[in-house]
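Per-entry structural report
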Amino acid sequence: MKNNKSPEKAATLPLHTADIQHSLIQLFELIHRSHTLSFSNEDGVERAVHFGRVIFRSHNTIGRGTMVIEVQCACRSCGNGCDWKEKNLVMKLRFTSKTRASELNFLEEMEAIAKEHSMHRWVLNHLPKIYCSFYLHLRDDSPQPNLERQFRDVYEMRVVRGTIQERLEPLTSLETAKECAQVFYDVLQCHHWVWQHPKILHRDISQGNIMVRVKDGRKYGVLNDWDLASWADDLQKVATSRYRTGTRPSMAHEQQAHRWEGPHQYRHDLEALFYVMVLFTFLYSKPGKAVSKPVDEQFHYEKWHQFDDGTLYSKKCMIMALNSPWEPPVTSFFIHFSDWLYDIKGCFCWGFNEQGIVMQTKRDAEQRGIQSRTQNVLSYKDDELGGHITYKKMVQIMHRFNEQELHTYDGEAEQYLESQEIDSESD
Ligand SMILES: [Zn+2]
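Quick caveat: nothing in here was measured; it's all calculated off a predicted structure. (Residues numbered from 1 in each chain as written. Predicted model: local features only at pLDDT ≥ 70, side-chain atom pairs only at ≥ 80, totals over all residues. Heavy atoms only, no water.)

1. Here's the deal with the nonpolar core
- The biggest cluster of nonpolar side chains holds 80 residues, and the ones touching the most others in it are Phe184, Phe337, Trp340 and Met398.
- A per-element tally of this core places helix α7 (residues 266-283) first, with 13 residues.
- Taken domain by domain, this core gets at least three of its residues from each of domain 1 (16-118 + 128-167) and domain 2 (169-427).
- Residues contacting Trp340, with those up to four places away along its chain left out, are Ala181, Phe184, Tyr185, Met277, Ile397, Met398, Arg400, Phe401 and Leu406.
- The next biggest cluster of nonpolar side chains, apart from the first, holds 29 residues, and it includes Ala18, Val71, Cys132 and Val160. (Core = buried A, V, L, I, M, F, W, Y, C linked by side-chain atoms within 4.5 Å. Buried < 20%, exposed > 50% of the residue type's maximum accessible area, 1.4 Å probe, protein only. Helix = DSSP H or I, 4+ residues; strand = E, 2+ residues; numbered from the N terminus. Domains from an automatic or database assignment. Contact = heavy atoms within 4.5 Å.)

Structure follows, in structure tokens:
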């Protein structure tokens, strides 16, 4: 657990740990039969939830499977207006092979900082709301063949962490291309705020983790699922095998290279956001409707969910090459995403090109037994690909969509946009 968090802060937060006296198998049985689960929170509050549909199940995240199940409060105080009665809830289960810092620790820290100052409060609209969190007791889970068959792919991963949280809507619930653009731009801002302030890096940007909150008639992009996140301080310390996190189709291409040794950087998440947008605008003819048989002869995006790391690495390298003939593969509904995708791809191309030149210059110098004194090499920052990939650049590209201004919530982004206006006025 993180050491820089003051205990006073944590104590004021309404987040609870639940004491669930069930094994994994018992829980699966309740889910399977749509029964009710009773438990008590750490603070003694008696809870009960009734299971509904399984609404999501994924296995393509490295080292993890996720299951999301609709739940409804079924406690004894529901009639007297309990605090969960009106809430739209889901239970989310993660099957991990090892214990990680809990998502709850990260979210507690984010909430605490967001509530410290009115200028930060906007970010709360873009973060998930967790009501309780638990670990499952793994006793008494002798295999039961029918259940094992049904949940085969997640059964082996014995560490189970769960949360009961606010239900959010998927990207596919949106209606217009501009709404999609706003949600992606929201996620860009929220992700960067969390990186700058609580100093946490998400590390798993994928379509499934970009959700929508409808509140007072407005839609907000929410960056969900902070399970694979890391404190900035810890990014350098983690063992090499744990650098690789994310969901394959949207992982930064460097992370899929054999020789990659980390660390995970801020810009890797931006590259992931780029692939999420590419795939989404290719695979859907509008948000709620998947293209029936999508085919791309060259990049085969339609198979990115099945490809292994090596194949994805080479496809992504082809996109990121400076002389690549790449064009955004958007469907007509998403045509205005072309400008964004071209511009972002351009920034990455120049960045990787510069990275290549710097690496080559360094190697040449090393071969001659000296250290390169070239200014470009000395001042080169790999975490920004030499300044080509920064939050500022992304804000400058994404704050408008189809000639229309989107909502900018983050003060830092506003500053960049204001200084840009001054620059263009003085031209
Ligand atoms: Zn209730």
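2. Focus: the sheet that holds strand β8 (residues 169-170)
- Spatially, the three strands line up as an open sheet ordered β8-β10-β11, and their pairing is antiparallel. Because the sheet does not close on itself, it has two edges, and the strands there are β8 and β11 (218-223).
- Helix-sheet contacts for helix α6 (residues 177-196) involve β10 (210-215) and β11, and the interaxial angle to β11 is about 45°. (Pairing = 2+ DSSP bridges. Axes fitted to C-alpha atoms, helices over the stretch in contact; angles between N-to-C directions.)

3. Comments concerning the pattern of salt bridges
- All told, the structure shown has 16 salt bridges when counted by the stated rule.
- A salt bridge links Glu111 to Lys115, with the nearest nitrogen and oxygen atoms 3.0 Å apart. Taken together, the residues span about one helical turn, with Glu111 and Lys115 both in helix α3 (residues 103-116) at a distance of four residues.
- What makes Glu111 buried here is its relative accessible area of 7%.
- For Arg400, the salt bridge identified is with Glu405, shortest N-O distance 3.0 Å.
- Accessibility expressed as a relative area gives 39% for Arg400, which makes it partly exposed.
- According to the relative accessible area criterion, Glu405 is partly exposed, its value standing at 44%.
- Through salt bridges with shared partners, a single ionic network connects Arg94, Glu103, Arg161 and Asp227. (Salt bridge = Lys/Arg side-chain N within 4 Å of Asp/Glu carboxyl O.)

4. Here we look at the packing of aromatic side chains
- Evaluation of the coordinates by the stated rule reveals 24 aromatic pairs.
- Taken together, a centroid distance of 6.0 Å and an interplanar angle of 85° make the contact between Phe184 and Phe337 edge-to-face. Taken together, the residues Phe184 in helix α6 and Phe337 in helix α9 (residues 337-367) connect sequence positions 153 residues apart.
- By relative accessible area, which is 0% here, Phe337 ends up buried.
- We note Arg47 situated over the ring of Trp84; from NZ or CZ to the ring centre the distance is 3.9 Å.
- Its guanidinium or amino end placed over the ring of Tyr275, Lys316 lies 4.6 Å from that ring's centre, counting from NZ or CZ. (Phe/Tyr/Trp six-rings, centres within 6.5 Å; stacked < 30°, edge-to-face > 60°. Lys NZ or Arg CZ within 6 Å of the ring centre and 35° of its normal.)

5. Remarks on the environment of Trp195
- Tracing the backbone through its elements, the reader meets Trp195 in helix α6.
- Contacts of Trp195, omitting those with residues within four sequence positions, involve Ile200, Leu201, Ala232, Leu235 and Tyr266.

6. A word on the coordination of the zinc ion
- Distances from the zinc ion to its protein donors, namely Cys73 (SG), Cys75 (SG), Cys78 (SG) and Cys82 (SG), fall within the range 2.2 to 2.3 Å.
- The site at the zinc ion holds four donor atoms, and with the angles between them running 105 to 123°, its shape is tetrahedral.
- Read N to C, the donor residues that coordinate the zinc ion are spaced as C-x1-C-x2-C-x3-C. Comparing Cys73 with Cys75 shows no difference in burial state: the two are buried. (Donors = N, O, S within 2.8 Å, 3.2 Å for Na, K, Ca; no water. Tetrahedral: all angles 85-135°; square planar, octahedral: opposite > 155°, others 65-115°.)

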